[in-house]
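Letter by letter, the chains look like this.
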Amino acid sequence: MTSVLYDAPGPRAKRRNVIFSVVFVALLALLLWWVYRTMDEKSQLEWALWKPFTESEAWTTYLLPGLGDTLKAAGLAMVIALPLGAILGIARMSDHRWVRASAGTVVEFFRAIPVLLLMLFANEFFARSTDVSTTDRPLYAVVTGLVLYNASVLAEVVRAGILALPRGQTEAAQAIGLRKSQTMSSILLPQAVTVMLPAIVTQLVVIVKDTALGGVMLGFTELLSARGTLAANYANVIPSFIVVAVIFIALNFLLTSFASWLEARLRRSKRSTGAVLGADEVDDLNAGEVGGTQKTGGDGIA
């Protein structure tokens with residue numbers, strides 16, 4: 001199959017691709033074998049180290065509560081950061097200079113600061129300036145840091161997605177008399193969502209993973225922090241890391257799979273022509289349009 005951007009590989013290219021594939025599979029197999037041998041030599045494959053993960057106590061006492069806190073912090077950060085990022089991104093394209101400057105300053109400032117530093121600042125702020133309890137403070141600090149950083153990044157994603165649309169969309173909306181707010185909400189944003197979705201999902205995955213920073217520095221009892229307590233009790237550090245890594249992989253895979261399904265659904269809905277009208281309905285619609293045109297023309301002459 002040949003197109004403007006792609007040429008079908010010839011016989012030599014096919015042979016080269018096969019050779020590269022075989023070499024890659026062989027190297028991957030050697031790497032997995034080396035990992036297996038190393039873990040076996042270090043006695044990390046003994047059943048006693050993996051047995052706790054087959055019992056309910058390890059899950060109900062450590063892993064599931066930690067996973068719940070991870071999902072809570074990530075969910076709150078997503079719910080707040082997504083609309084805030086959209087508002088900041090749209091504000092950066094405002095016709096008013098003071099709005100553009102204010103939004104741009106906020107976005108560039110918080111996007112330039114590491115998310116861990118934002119969490120630490122937020123933790124100190126809640127400790128010194130609010131009545132948030134010591135128990136809830138790590139969650140507040142983690143969510144605040146994630147929201148400030150990721151909302152700034154999402155603002156740029158939203159702005160880039162809208163600017164990527166053809167300028168003719170905006171010009172057509174202006175030609176029929178739509179205000180800028182109507183153009184943005186009814187025409188530009190619905191189309192830009194599909195363009196922005198892969199980048200937005202990538203940032204949501206980052207939010208899920210960055211919750212672990214709160215466990216390392218702030219004592220937030222998320223999944224990785226709960227793993228440390230579990231490993232201290234069962235003396236299975238490497239197996240616990242592997243299990244938690246698999247949980248994170250599964251969680252992010254579900255998130256990206258849902259996003260892929262949603263993107264495909266949005267693309268199908270945009271290709272749809274809507275409801276199917278019968279012949280009588282089409283005749284009535286055309287008659288109404290003709291009558292309306294004639295009436296408008298008569299009024300204009302008068």
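One structure accompanies this document, and this report is about it. (Residues numbered from 1 in each chain as written. Predicted model: local features only at pLDDT ≥ 70, side-chain atom pairs only at ≥ 80, totals over all residues. Heavy atoms only, no water.)

1. Here's the deal with helix H3 (residues 56–91)
- Between the first and last C-alpha of H3 there are 50 Å, a value that for 36 residues agrees with the 52 Å anticipated at 1.5 Å per step.
- Along its length, H3 reaches its greatest deviation from straightness, about 35°, at Leu 63, and the proline Pro 65 lies no more than four positions downstream. (Helix = DSSP H or I, 4+ residues; strand = E, 2+ residues; numbered from the N terminus. Expected span 1.5 Å × (residues − 1). Bend = angle between axes of the 7 residues up to and from the residue.)

2. Here we look at the packing of aromatic side chains
- What the rule picks out here adds up to seven aromatic pairs.
- Between the aromatic rings of Phe 109 and Phe 110, the centroid separation amounts to 5.0 Å while the plane-to-plane angle is 85°, which identifies the pairing as edge-to-face.
- Classification of Phe 109 as partly exposed rests on a relative accessible area of 47%.
- Among the aromatic residues, those joined into a cluster by ring pairs are Phe 125, Phe 126 and Tyr 140.
- Over the ring of Phe 241 we find Arg 227; its NZ or CZ atom is 3.8 Å from the centre of that ring. (Phe/Tyr/Trp six-rings, centres within 6.5 Å; stacked < 30°, edge-to-face > 60°. Buried < 20%, exposed > 50% of the residue type's maximum accessible area, 1.4 Å probe, protein only. Lys NZ or Arg CZ within 6 Å of the ring centre and 35° of its normal.)

3. As for the pattern of salt bridges
- Taken as a whole and judged by the stated rule, the model has seven salt bridges.
- Where Glu 156 meets Arg 111, a salt bridge forms, and the shortest distance between an N and an O atom there is 3.9 Å. Highlighted residues: Glu 156 in helix H6 (residues 137–163) and Arg 111 in helix H4 (residues 97–112), separated in sequence by 45 residues.
- Residue classification places Glu 156 among the buried positions, given a relative accessible area of 14%.
- Between Glu 156 and Arg 159 there is a salt bridge, with its nearest N and O atoms 3.0 Å apart. Here Arg 159 and Glu 156 lie together in helix H6, a separation of three residues that amounts to about one turn.
- The class for Arg 159 is partly exposed, based on a relative accessible area of 25%.
- Within this structure, Arg 92, Glu 108, Arg 111, Glu 156 and Arg 159 form a network of salt bridges that share partners. (Salt bridge = Lys/Arg side-chain N within 4 Å of Asp/Glu carboxyl O.)

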